[in-house]
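# Summary of the model geometry
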Amino acid sequence: MIVLKLGGSVVTDKDRAETLDGEALDRAADAVADALAVPSEALAEGLVVVHGGGSFGHHNASEHGVSTIAGTRDPTAVHDIHGAMTTLNRFVLSRLLERDVPAVPVHPFSAGHRDADGEFHLPTGQVATLLAEGFVPVLHGDVIAHAGEGVTIVSGDELVAELARALEADRIGLCSTVPGVLDADDRVVERIESYGTVADVLGESESTDVTGGMAAKVRALLELEADASIFGLEELEGFLEGAEPGTTIE
Ligand SMILES: Nc1ncnc2c1ncn2[C@@H]1O[C@H](COP(=O)(O)OP(=O)(O)OP(=O)(O)O)[C@@H](O)[C@H]1O
Ligand SMILES: C=C(C)CCOP(=O)(O)O
């Protein structure tokens, strides 16, 4: 099966609070629907979609001083951030449903937690069962209960890593605004085998982002068994059809 992340920076206008990039979301939903209509071998086993926050989660989290390690015990902050993410989730779901993709929501806040060491745990029985029953589960970066911290943020990238591990994904794709990991001359790095080789060029996101941008993505993906691809929106359909566009993280 395939775990696909639609970057928040792709499906929203990351620099304007709570603003969708409707055109980009339509293109992504078209690519998913077209690929599911004639599924590749890996896609025939099912698709899990995860989306990030973009301008729907990061601004709220940043205003409340919440990150993946800094928590809050303010229920208003929890509702603000979770509310923004579930609003975006509804937009993503409705664009997929309009195209007859059997997309259903799974909200990480109601399912997972971080332990006192900050390690993220997510039960995945519900996702596996939904997949086996023919649905496309759609998860999203969210707030998450965190022992000793109250509530922190879980990024879509962490969810992708956890789902890929637990469900033994065949393929993993991260669709972002960049065509891949870029080197110092802005050329796409084809393969990454270790963090050290790209540490100098990996940075945070250029927009408000509480979860660590490209550097955090590469770190999370390097820990996985299966190869993962980071690519731009124009490569999404090709990826779902079996191509290996952009940067491959081994
Ligand atoms: N070496 C690099 N190559 C490519 N992008 C980089 C690099 N270093 C930093 N970045 C930044 O990382 C961003 C991608 O990470 P970001 O977390 O914003 O993406 P996303 O997953 O699509 O969005 P979100 O986190 O909102 O879901 C790029 O837009 C770019 O600004
Ligand atoms: C900020 C929130 C709530 C979600 C972050 O998810 P990401 O955009 O995948 O990093």
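For the structure, see preceding data.
What comes next concerns the included structure. (Residues numbered from 1 in each chain as written. Chains lettered and ligands numbered in written order. Predicted model: local features only at pLDDT ≥ 70, side-chain atom pairs only at ≥ 80, totals over all residues. Heavy atoms only, no water.)

Okay, the sheet that holds strand E8 (residues 150–154) next. One open sheet accounts for 4 strands, arranged E5-E4-E7-E8; its pairing is mixed. A strand with exactly one partner marks an edge of an open sheet, and here the two such strands are strand E5 (120–121) and E8. As paired strands, strand E4 (residues 113–114) and E5 are joined by 2 bridges and run antiparallel to one another. The residue bridging Arg-114 from the neighbouring strand is Phe-120, located in E5. Strands E4, E5 and E8 of the sheet are contacted by helix H7 (residues 156–166), whose axis makes an angle of about 80 degrees with E8. (Pairing = 2+ DSSP bridges. Helix = DSSP H or I, 4+ residues; strand = E, 2+ residues; numbered from the N terminus. Contact = heavy atoms within 4.5 Å. Axes fitted to C-alpha atoms, helices over the stretch in contact; angles between N-to-C directions.)

On the surface, a cluster of negative charge is made up of Glu-18, Glu-63, Asp-74 and Asp-80. Relative accessible area serves as the criterion here: at 68%, Glu-63 is assigned to the exposed category. (Patch = residues over 30% accessible without salt bridge, like charges linked within 9 Å, V, L, I, M, F, W, Y side chains within 5 Å. Areas by Shrake-Rupley, 256 points an atom, 1.4 Å probe, with all protein chains shown as cover. Salt bridge = Lys/Arg side-chain N within 4 Å of Asp/Glu carboxyl O. Lys, Arg positive; Asp, Glu negative; His and termini not counted. Charge placed at Lys NZ, Arg CZ, Asp CG, Glu CD. Buried < 20%, exposed > 50% of the residue type's maximum accessible area, 1.4 Å probe, protein only.)

Once that is clear, we can look at the site of ligand 2. Every one of the 14 residues lining ligand 2 counts as a neighbour, but Lys-5, Gly-53, His-58, Gly-156 and Thr-211 are closest to it. Within the side chain of His-58, one N or O atom sits 2.8 Å away from an oxygen atom of ligand 2. The separation between an oxygen atom of ligand 2 and a polar side-chain atom of Thr-211 is 2.5 Å. Protein contact buries 98% of the 320 Å² of open area that ligand 2 shows by itself. Among the elements of the structure, helix H5 (75–98) and H7 are those that each provide at least two residues to the shell around ligand 2. Residues of the shell around ligand 2, tallied by class, amount to 3 nonpolar, 8 polar and 3 charged. (Near = heavy atom within 4 Å. Polar contact = N/O pair within 3.5 Å; in protein donor to acceptor, adjacent residues only side chain to side chain. Nonpolar A, V, L, I, M, F, W, Y, C, P; charged D, E, K, R; others polar.)

A few words on the site of ligand 1. Around ligand 1, the surrounding shell holds 25 residues, and the nearest of these are Gly-8, Ser-9, Leu-182, Val-201 and Lys-217. A distance of 2.9 Å separates an oxygen atom of ligand 1 from a polar atom in the side chain of Lys-5. At 2.6 Å from an oxygen atom of ligand 1 is found a side-chain nitrogen or oxygen belonging to Lys-217. For the shell around ligand 1, the secondary-structure elements that each account for two or more residues are helix H1 (8–11) and helix H8 (213–222). If you tally residues by element for the shell around ligand 1, the top one is H8, at 3 residues. Tallied by class, residues from the shell around ligand 1 come to 6 nonpolar, 13 polar and 6 charged.

Geometry only, nothing functional implied.
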